[in-house]
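# Coordinate inspection notes
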Amino acid sequence: KILVPLMEKKCQTKADIFAAIKEGADFTLNPELVSFDLHDDDEWDWDSELNEENVTKLAAGLASGKKLHTINLNSAKIGSSGAKALSPALSELKCLTSLNLSNNNITHSGASWIGDALERNNTITNLDLSWNMIEAKGVKCLSAFINNSSVLTQLNLSKTELKDTGAYELTVAVQVNTSLTSLNVDTNRIGETGAKYLSWVLKYSKSLTTLSLFNNAIGDAGLKKLLEPLGKNTTLTELNVSSNKITDSGVKALCEALKVNQTLKVLDISSNKVGDGMKYVGTLLTGKACALTTLNLGKCSLGESGANGLASGLSSNENLKSLVLSWNAIGDSGIKKLVGALATNKSLTSLSLAHNDLTSVAFKSLLGSNSTLKELGLKGNKIPSDQTQLDGIEIL
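Residues numbered from 1 in each chain as written. Predicted model: local features only at pLDDT ≥ 70, side-chain atom pairs only at ≥ 80, totals over all residues. Heavy atoms only, no water.

Aromatic ring pairs are defined here through the distance separating the ring centres and the angle between the ring planes. Inspection of every chain in the model, using the stated rule, returns three aromatic pairs. Seen from their ring centres, Tyr168 and Tyr197 are 5.2 Å apart, and the 65° between their planes marks the pair as edge-to-face. Here Tyr168, found in helix H7 (residues 163–174), pairs with Tyr197, found in helix H8 (residues 192–204); they are 29 residues apart in sequence, far enough to count as distant. By relative accessible area, which is 35% here, Tyr168 ends up partly exposed. Each residue in the set Tyr168, Tyr197 and Trp200 is aromatic and connected to the rest through ring pairs, giving one cluster. The ring of Trp131 is capped by Lys159, whose NZ or CZ atom sits 4.9 Å from the centre of that ring. (Phe/Tyr/Trp six-rings, centres within 6.5 Å; stacked < 30°, edge-to-face > 60°. Helix = DSSP H or I, 4+ residues; strand = E, 2+ residues; numbered from the N terminus. Buried < 20%, exposed > 50% of the residue type's maximum accessible area, 1.4 Å probe, protein only. Lys NZ or Arg CZ within 6 Å of the ring centre and 35° of its normal.)

Take a look at the structure:
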């Protein structure tokens, strides 16, 4: 028998690429293709159609895309062997700026291949390795790339099993990086010690503007350590510490720090049992030094007393534009104080009161209470939909 080798396919469209991968054929890309997104094919079978063999062919094909600036292989399950297969392409694609390898069963060994390749590339501005088990050892493998990159601006390492040790390894790399603006370490079981390490990032970084720590376990003690350098930090504009076992003690420390800090604009402390800590937030909002424009206090166990504590500051605040108070069991009685505050507030444009046991009585009291409000969230309350209408305000 004479074996005739398969001809290399020249793929002009993404559909051609998917067909070639499914056939296990070698292929080259349309030289003008600038983006490759595996999710563009709705019929793609993630679990059975992308294996180690055709990942290698995919990687070889991608290497021919000299103008590629975006690669999205989210949820392709390529594993660490696939990361190894991709590494030559990643080091050769000199136009590549965005790489998404989220949810790919990549471990620290795969992170090592990626880190080595990207260190040679030095064009990546946006890297997403979330939902991979890279752990602290994987972050250490990425350290040289992060440390030396002069263009990396966004790094997503959420749900990568960092824990406190991984927070340390990340801090070592990030604190000397001069380009990173956004860091996501959500859902990583980071505790008090890890928060202390991350405070070094806030102390030494001259570029970081956004830090997200959603769904960790830093607690009040960890939050206090994280906040220590905030008074002198002049770059951070957005902080997310939602769902972190923070109570009124932590909120008090946060508010004290924000009386000094003038750059933080967006704060999310939702899903923490803050309760009576709202009196500290109210005091903070009263002062003209508070620079916050967006504040999320959803699911913070406010109740009526918490709403009362917040109202005192809201009435005179001049900067806050968006406020989320959903899932707080405020009730009609708690709304009364807020209505009085809204009557004098001249900055708020968006307010969410969703899921707060409100009735038509509360809604009627909101009528005409504020002249600047443009959006009002009322879902999940006991207000008939035909009664939720306010002139000039969009009801969400």
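Right, picking up where we left off after that structure.
To continue, consider the nonpolar core. If you look at the biggest cluster of nonpolar residues, it comprises 111 residues, and the most contacted ones within it are Phe36, Leu170, Leu226, Leu297, Leu323, Leu325 and Leu353. In this structure, Leu353 is in contact with Leu325, Ile330, Ile335, Leu338, Leu358, Leu366, Leu376, Gly377, Leu378 and Asn381, ignoring residues within four places of it in sequence. (Core = buried A, V, L, I, M, F, W, Y, C linked by side-chain atoms within 4.5 Å. Contact = heavy atoms within 4.5 Å.)

Mapped onto the elements of the fold, Val55 is located in helix H3 (residues 52–62). Given the relative accessible area of 1%, Val55 is considered buried.

Right, let's get into helix H13 (residues 331–344). The largest bend along H13 reaches roughly 25° and is located at Lys337. Within H13, burial applies to Gly331, Gly334, Ile335, Leu338, Val339, Ala341 and Leu342. Here the buried face of H13 lies against helix H12 (303–314), strand E14 (350–352) and helix H14 (360–366). (Bend = angle between axes of the 7 residues up to and from the residue.)

A separate point is helix H6 (residues 135–148). For H6, with 14 residues, the first-to-last C-alpha span of 21 Å sits near the 20 Å given by 1.5 Å per residue. The largest bend along H6 measures about 45° and falls at Leu142. Buried within H6 are the following residues: Ala136, Gly138, Val139, Leu142, Ser143, Phe145 and Ile146. Buried residues along H6 sit against helix H5 (108–121), strand E6 (126–128), strand E7 (154–156) and H7. (Expected span 1.5 Å × (residues − 1).)

Here the focus is the pattern of salt bridges. Evaluation of the coordinates by the stated rule reveals four salt bridges. A salt bridge links Glu161 to Arg189, with the nearest nitrogen and oxygen atoms 2.5 Å apart. With Glu161 in the loop between E7 and H7 and Arg189 in the loop between strand E8 (182–184) and H8, the pair connects residues that are 28 residues apart, well separated along the chain. (Salt bridge = Lys/Arg side-chain N within 4 Å of Asp/Glu carboxyl O.)

This paragraph deals with a nonpolar patch on the surface. A cluster of nonpolar side chains, Tyr168, Val172, Trp200 and Tyr204, forms an exposed patch at the surface whose accessible area comes to about 340 Å². Elements with a contribution of two residues or more to the nonpolar patch: H7 and H8. On the secondary structure map, Tyr204 appears in helix H8. Note on Tyr204: relative accessible area 42%, which makes it partly exposed. (Patch = residues over 30% accessible without salt bridge, like charges linked within 9 Å, V, L, I, M, F, W, Y side chains within 5 Å. Areas by Shrake-Rupley, 256 points an atom, 1.4 Å probe, with all protein chains shown as cover.)

Positioned with a positive phi, Arg189 is a non-glycine residue whose angle comes to about 55°. One non-glycine residue, Asn215, lies in positive phi territory at about 60°. Within the secondary structure layout, Asn215 lies in the loop between strand E9 (210–212) and helix H9 (219–227).

Attention now goes to the side chain of Asn233. Tracing the backbone through its elements, the reader meets Asn233 in the loop between H9 and strand E10 (238–240). A distance of 2.8 Å separates a polar side-chain atom of Asn233 from the backbone oxygen of Leu202. Residue contacts for Asn233: discarding those within four places in its chain leaves Leu202, Asn261 and Thr263. (Polar contact = N/O pair within 3.5 Å; in protein donor to acceptor, adjacent residues only side chain to side chain.)

Glancing now at the environment of Ser64. With respect to the element layout, Ser64 can be found in the loop between H3 and strand E4 (70–72). According to the relative accessible area criterion, Ser64 is partly exposed, its value standing at 23%. C-alpha of Ser64 to C-alpha of Ser91: the two residues are 27 residues apart in sequence and 12 Å apart in space. When residues no more than four places from it in sequence are discounted, the contact partners of Ser64 are Thr28 and Leu29. At a separation of 2.9 Å, a polar atom in the side chain of Ser64 contacts the main-chain amide nitrogen of Leu29.

So, on to the packing of helix H11 (residues 278–286) against H12. Closest axis-to-axis distance for the H11/H12 pair is 6 Å, and the angle between their directions is 5°. When the interaxial angle is binned, H11 and H12 end up roughly parallel. Note on element contacts: H12 touches H11 through Gly306, Gly309, Leu310, Ser312, Gly313 and Leu314, opposite Met278, Lys279, Val281, Gly282, Leu285 and Thr286. (Axes fitted to C-alpha atoms, helices over the stretch in contact; angles between N-to-C directions. Parallel < 35°, antiparallel > 145°, perpendicular 65-115°, else oblique.)

The full count for this structure, using the stated rule, is two cavities of 30 Å³ or more. Of the pockets and cavities examined, the largest cavity occupies roughly 40 Å³. Taken together, Leu254, Cys255, Leu258, Leu267, Ile269, Val281, Leu284, Leu295 and Leu297 make up the lining of the largest cavity. Of all the secondary structure elements, the ones that give two or more residues to the lining of the largest cavity are helix H10 (248–258) and H11. The greatest single-element share of the lining of the largest cavity, amounting to three residues, is contributed by H10. For the lining of the largest cavity, the residue count by class is nine nonpolar, no polar and no charged. Estimates place the volume of the second largest cavity at around 30 Å³. In terms of lining, the second largest cavity is formed by Leu314, Leu325, Ile335, Leu338, Leu342, Leu351, Leu353 and Leu366. Tallying contributions element by element places H13 first for the lining of the second largest cavity, with three residues. A breakdown of the residues in the lining of the second largest cavity according to their chemical character gives eight nonpolar, no polar and no charged. (1 Å grid on protein atoms, 1.4 Å probe; cavity = no way out; pocket = protein on both sides within 12 Å on 5 of 7 lines; lining within 4 Å. Points joined across faces, edges and corners; volume = space filled by probe spheres on them. Nonpolar A, V, L, I, M, F, W, Y, C, P; charged D, E, K, R; others polar.)

Interpretation in functional terms is not warranted from these geometric data alone.
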